[in-house]
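Chain by chain, the residues:
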Amino acid sequence: MVPTVISRPGLLRSLISVAAALLLAALLLGLSGYNVAMAFGTLWSGATGIIAGPAHGSQQVPLGSFHLDLFQLAQTLTQFIPLLLCGLAVAVGLQAGLFNIGGQGQFIAGAVTAAAVGVAWPTLPSFFHLPLALLAGTLAGAVWGGLAGLLKAWRQVNEVVSTIMLNYVADNIANYLITHSLKDPHNQAPQTAAVSPSATLPILVRHTNLSIGLFLALLAVPVLGLLVQRTALGFRIRAVGRNAKAARVAGVPVKHTIVITMALSGALAGLAGTIQVLGAQHRYFPNLAGTYGFDGIAVALLAGIDSTSVFYSALFFGALAGGAGYLQDQTNIPDSLGRIIQAIIILFVGMRFLFYQRKRKQMLTHSETMPVQDSTAL
């Protein structure tokens, strides 16, 4: 069996990490002279959209002495979409024992490809143009992730090294394209033209960036769970993650599995970039990816490799991001509070991950000293 540190996220350990981060953030706020209760109350209101007082405006729903601000809730869910998909991208790599930190580059590859397809062929009908743009962006992320898989499988290039280098390659290629062949001819800024309406995802809440890409991201959770736990490919991925040498002896095509896993991981990150372009920003420009690819690492490390747990982890980080902006608007507390909480959580879960890696290395070293059974016996 896979050690519980990674196969089950350890709900208690994750909650302890979150609680410790919140307590340390509260201590920092108190030492800085801020009202801690007011700060966390405002952060909660911004994250959930549940705000005290009567409702005002068309996008606010009365809830007794509170009201639901759909705009604020949409802000959180807009942040949640790329965090969920990038977190799933890292998590599926961990299933195979691969640490994909190239979500940033795969996000960019998907985003710029989706923008290119969305700008081209503006006369195509929406029922064809939109799926084409979604597919192109997702496949671009898969190719970018699969490239790192090929380097790992056939040249033994560490995936951490290759993926982080490919991040810079993707960013530079995208920046070149938006200043040359893909540049908007009607704008001096380095960016693509606006995506054709036939390739844009419908918006769920007016005057926000929340699109039906939310449902695509949510659908990825059960689909990935079924794929990993209930299919032959999922079995091979998990077998490679547990012990690649034993899997090879048992007849599992380890190299092909590594490539497919990295391609699948890249496809999820590429889909995140695609939704960001087609649903939120409607064009590609520098820094569109933000830090979503790297934040997905924190999401996955907090949750573990279970896709359902990644959902809750991404929702938490999305709430932090959405609430921090509202906090700064309503108080004089900087929105860096959300980043501070996230950084402390990363510190705790990073220590836990390093402990697991050391334990796993010891287990693999011990298994290599054991006599290997004949493959027919397996």
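You'll find the structure just up there.
Quick notes on the rules
Residues numbered from 1 in each chain as written. Predicted model: local features only at pLDDT ≥ 70, side-chain atom pairs only at ≥ 80, totals over all residues. Heavy atoms only, no water. Core = buried A, V, L, I, M, F, W, Y, C linked by side-chain atoms within 4.5 Å. Buried < 20%, exposed > 50% of the residue type's maximum accessible area, 1.4 Å probe, protein only. Helix = DSSP H or I, 4+ residues; strand = E, 2+ residues; numbered from the N terminus. Contact = heavy atoms within 4.5 Å. Phe/Tyr/Trp six-rings, centres within 6.5 Å; stacked < 30°, edge-to-face > 60°. Salt bridge = Lys/Arg side-chain N within 4 Å of Asp/Glu carboxyl O. Pairing = 2+ DSSP bridges.

**Observations regarding the nonpolar core**
And step 1. Membership of the largest hydrophobic core comes to 94 residues, with the highest contact counts inside it found for L85, L278 and Y284.
And step 2. Considering every element that reaches this core, the biggest residue donor is helix α4 (residues 70–95), with 14 residues.
And step 3. Setting aside chain neighbours within four positions, we find L278 in contact with A114, L130, A133, L134, V195, A199, T200 and L201.

**Details of the packing of aromatic side chains**
And step 1. A complete count under the given rule lists four aromatic pairs for this structure.
And step 2. Summarising the aromatic geometry, the rings of F311 and Y312 are spaced 5.1 Å apart at their centres and angled 75 degrees between planes, so their arrangement reads as edge-to-face.
And step 3. Judged by relative accessible area, F311 falls into the partly exposed class, the value being 21%.
And step 4. Given a relative accessible area of 55%, Y312 falls into the exposed group.
And step 5. Judged by centre distance (5.7 Å) and plane angle (70 degrees), the ring pair of F316 and F317 falls under edge-to-face.
And step 6. By relative accessible area, which is 23% here, F316 ends up partly exposed.
And step 7. Through pairs of rings, three or more aromatic residues link up here, namely F80, F311 and Y312.

**Points about the side chain of Q342**
And step 1. Of note, Q342 is situated in helix α14 (residues 336–368).
And step 2. On the basis of relative accessible area, Q342 is assigned to the buried category, the value being 9%.
And step 3. Each residue touching Q342, except ones within four places of it in the same chain, is listed here: D295, F317 and L320.

**Comments concerning the pattern of salt bridges**
And step 1. Across all of its chains, the model carries three salt bridges by this definition.
And step 2. As a salt-bridge pair, K152 and E159 come within 3.2 Å of each other at their nearest N and O atoms.
And step 3. Look at K152 and you get partly exposed, because its relative accessible area is 24%.
And step 4. A residue is classified by how much of its surface remains accessible, and E159, at 6% relative accessible area, is buried.
And step 5. Notably, a salt bridge pairs D184 with R283, separated by 3.5 Å at the nearest N-O pair. Remark: R283 occurs in the loop between α11 (254–281) and α12 (292–303) and D184 occurs in the loop between α7 (159–177) and α8 (213–230); sequence separation between them is 99 residues.

**Things to note about the pairing of strand β3 (residues 66–69)**
And step 1. Pairing of strand β1 (residues 50–52) with β3 involves three bridges; the strand directions are antiparallel. The partner of I51 across the bridge, within β3, is H67.

**A word on unusual backbone geometry**
Where the residue is not glycine, phi is negative for most of them; where a peptide bond is considered, it is trans in most cases.
And step 1. Backbone geometry places W121, a non-glycine residue, at a positive phi of 50 degrees.
And step 2. Assignment of secondary structure puts W121 in the loop between α5 (103–119) and α6 (126–155).
And step 3. Residue classification places W121 among the exposed positions, given a relative accessible area of 51%.
And step 4. The phi torsion at Q156 lies on the positive side, around 55 degrees, for a residue other than glycine.
And step 5. For Q156, the location among the structural elements is in the loop between α6 and α7.

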